[in-house]
Amino acid sequence: MHIRVPSFREIAKQFKVIFLDSYGVLKNHKGLIDGVSDTIQFLREEGIELRVLTNDASRSQQQQSEVFDRLGLKNLKVDEIITSGMLAKQFLSHKIKSGKIAYLGTENSAEYILQSGLEHIAVRDIDLENLDEISAFVFLDDEGFDWNTDIDTTVNFLRRKTVPVIVANSDKYYPVNKNDVSVATGGIAKLCESMLNKKFIHFGKPDTQMFNYAFEHINHDAFKYTKDDILMVGDTLSTDILGGNKFGLKTMLVLTGNTRSDNADLWINSSGIIPDYICNSILA
Ligand SMILES: [Mg+2]
């Protein structure tokens with residue numbers, strides 16, 4: 001059963017590695033969450049390894065790192081950031097060897113994810129009467145397209161042609177202020193899956209590829225850490241906590257993002273997704 005704990009740091013000291021979600025843990029719609037830099041510094045001083053596991057596929061690792069830097073979080077290293085976009089990119093470069101990759105999203109995300117040498121084509125440029133060359137489809141991002149026309153084109157494309165479909169960010173929505181959310185790529189993909197009765201290939205939490213990647217990454221030089229050494233910290237039950245639990249890690253829900261204090265218990269009970277710990281934030 002989950003326990004409410006007053007101090008993230010006290011729990012963190014019992015682990016050798018902390019996996020941190022980004023949005024809702026390190027930052028929110030206003031920017032960096034105050035005091036996060038001190039917590040990262042604390043982890044460094046304690047000799048605790050950390051990795052940031054984010055479902056954001058709109059920016060490359062390097063661009064993510066620059067954003068943290070600009071927000072004032074200077075002490076994160078580029079290779080400590082693991083994004084669902086990196087995994088989608090890896091998958092595409094291994095699996096799709098010919099043809100064009102169609103995408104829903106921004107040019108920028110397309111450029112870094114699809115730089116495998118293959119040509120890419122935005123949904124708006126798809127000619128539904130001529131689909132021969134398209135060999136895969138990627139849901140990248142919730143910006144960079146016309147919601148009125150391009151989602152229809154996506155659905156019609158997927159009705160006409162069977163190709164691997166990749167969802168680079170499975171998040172259904174993300175908070176934009178204290179009360180409201182915006183629909184994210186995962187939400188659009190979910191809509192298409194349910195309308196078309198198809199199953200796409202999802203990257204990002206709660207799917208295990210990102211946890212696997214992070215686990216291999218920390219054990220790259222030598223097999224130093226077991227799953228018992230790792231704590232996964234996140235603000236979302238259905239991604240961070242479910243993913244961490246499935247991978248066999250201890251999990252901590254924090255209340256600085258998607259899950260608020262007054263509905264945490266209700267959501268845990270109704271979803272059946274149970275964190276090992278609940279803590280207000282990672283700040284104390
Ligand atoms: Mg989050």
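Residues numbered from 1 in each chain as written. Predicted model: local features only at pLDDT ≥ 70, side-chain atom pairs only at ≥ 80, totals over all residues. Heavy atoms only, no water.

## A closer look at the environment of A284
Cut-off, in case you're wondering: For helices the rule is a DSSP run of H or I covering at least 4 residues; for strands it is a run of E covering at least 2, with both sets numbered from the N terminus onward.
Summarising the element assignment, A284 is placed in the segment after β16 (277–279). Sequence separation between A284 and V36 is 248 residues; the distance between their C-alpha atoms is 9.6 Å.

## Focus on the side chain of T239
Which entries qualify depends on this criterion: Whether a residue is buried, partly exposed or exposed follows from its accessible area with a 1.4 Å probe, protein chains only, as a fraction of its type maximum: under 20%, in between, or over 50%, in that order. It only takes one pair of heavy atoms within 4.5 Å for two residues to be counted as in contact.
Inspection of the secondary structure assignment puts T239 in helix α9 (residues 237–247). On the accessibility criterion, T239 (10% relative accessible area) is buried. Residues within four places of T239 in sequence aside, it is in contact with N55, D171, K205, P206 and G244.

## Let's talk about the sheet that holds strand β6 (residues 81–83)
Operational definition: In this scheme, strands are said to pair when DSSP sees at least two bridges between them. Here the axes come from fitting lines to C-alpha atoms, over the contacting stretch only for helices, and the angles between their N-to-C directions go from 0 to 180 degrees.
The parallel open sheet is built from seven strands, whose spatial order is β1-β16-β15-β14-β2-β5-β6. Only two strands of the sheet have a single neighbouring strand rather than two, namely β1 (3–4) and β6. Bridge count between β1 and β16: two bridges; the pairing is parallel. Counted as the bridge partner of I3 is Y277 from β16. Of the strands in this sheet, β5 (49–54) and β6 touch helix α3 (residues 61–71), which is tilted by about 125° from β6. Against the sheet, α9 contacts β14 (230–234) and β15 (250–254), and its axis sits at roughly 165° relative to β15.

## Focus on the sheet that holds strand β8 (residues 119–122)
One open sheet holds the five strands; their spatial order is β8-β7-β9-β10-β13, and the pairing between them is parallel. Looking at strand neighbours, the two that pair on one side only are β8 and β13 (201–202), the edges of this open sheet. Across four bridges, strand β7 (residues 100–104) lies against β8 in parallel orientation. Directly across from K100, in β8, lies its bridge partner E119. Lying over the sheet, helix α4 (residues 84–95) contacts β7, β9 (134–139), β10 (165–167) and β13, oriented at roughly 160° with respect to β10.

## Side note on the pattern of salt bridges
Condition: A pair is scored as a salt bridge if a Lys or Arg side-chain nitrogen falls within 4 Å of a carboxyl oxygen belonging to Asp or Glu.
Under the counting rule described, the total for this entry stands at 14 salt bridges. Salt-bridge contacts for R51 lead to E49; the nearest nitrogen and oxygen are separated by 3.1 Å. Linking E129 and R160 is a salt bridge whose minimum nitrogen-to-oxygen distance equals 3.4 Å. Linking E129 in the loop between β8 and β9 with R160 in helix α6 (residues 150–160), this pair joins segments that are 31 residues apart in sequence. Connected through shared salt-bridge partners, D21, K205 and D240 make up one network.

## A word on the packing of α4 against helix α8 (residues 208–218)
As a reminder of what qualifies: Any angle that is under 35 degrees is reported as roughly parallel, and any over 145 degrees as roughly antiparallel; angles of 65 to 115 degrees are reported as roughly perpendicular and all others as oblique. Residues were grouped as follows: Ala, Val, Leu, Ile, Met, Phe, Trp, Tyr, Cys and Pro as nonpolar; Asp, Glu, Lys and Arg as charged; and all remaining residues, including Gly, as polar.
Direction vectors running N to C along α4 and α8 enclose 95°, while the axes themselves pass 10 Å from each other. In terms of orientation, α4 lies roughly perpendicular with respect to α8. Seen from α4, the contacting residues are S84, M86, L87 and Q90; seen from α8, they are Q209, M210 and Y213. A breakdown of the residues in the contact of α4 with α8 according to their chemical character gives four nonpolar, three polar and no charged.

## Notes on the coordination of the magnesium ion
So the rule is basically this: Water is not among the atoms examined, so metal sites may look incomplete; donors are the N, O and S atoms within 2.8 Å of the metal, or within 3.2 Å for Na, K and Ca.
The coordination sphere of the magnesium ion contains the protein donors D21 (OD), Y23 (O) and D235 (OD), at a distance range of 2.1 to 2.2 Å. Counting along the primary sequence, the residues that act as donors to the magnesium ion give the motif D-x1-Y-x211-D. Classification of D21 as buried rests on a relative accessible area of 7%.

## What about α4?
What counts here: Here a helix's expected span is defined as the number of its residues, less one, multiplied by 1.5 Å.
Counted at 1.5 Å a residue, the expected span for α4 with its twelve residues is 16 Å, and the 16 Å between its end C-alpha atoms agrees. Turning to α4, its buried residues number three or more, namely S84, G85, M86, L87, A88, F91 and L92.

## A short note on the domain arrangement of the protein chain
Basically, it comes down to this: These domain limits were set by an automatic method or by a database of domain assignments. In this description, buried area is defined as the sum, over both parts, of the accessible area (probe of 1.4 Å) that is lost when the two are combined.
Taken domain by domain, the protein chain comprises domain 1 (3–55 + 206–279) and domain 2 (86–202). With centres defined by C-alpha atoms, the gap from domain 1 to domain 2 works out at 28 Å. The interface is formed by ten residues belonging to domain 1 together with 14 residues belonging to domain 2. Interface area for domain 1 against domain 2, summed over the two sides, is near 1100 Å², with a carbon-plus-sulfur share of 53%.

## Observations concerning the packing of aromatic side chains
This is how the line gets drawn: Two aromatic rings, drawn from Phe, Tyr or Trp (for Trp, its six-membered ring), form a pair once their centres lie within 6.5 Å of each other, and the interplanar angle then sorts them: stacked below 30 degrees, edge-to-face above 60, tilted otherwise. Working rule: Lys NZ or Arg CZ, within 6 Å of ring centre, within 35 degrees of ring normal, means a charge sits over the ring.
For the structure on display, the rule yields eight aromatic pairs. Considering the side-chain rings of F215 and F223, the 6.2 Å spacing of their centres and the 80° angle between planes classify their relative orientation as edge-to-face. For F215, a relative accessible area of 12% puts it in the buried group. Judged by its relative accessible area of 62%, F223 falls in the exposed class. Within the aromatic cluster, the residues linked to one another by ring pairs are F137, F139, F157 and F200. Between K27 and the ring centre of F68, over which it is positioned, the NZ or CZ distance is 5.1 Å. Sitting over the face of the ring of F247, K227 holds its NZ or CZ atom 3.9 Å from the ring centroid.

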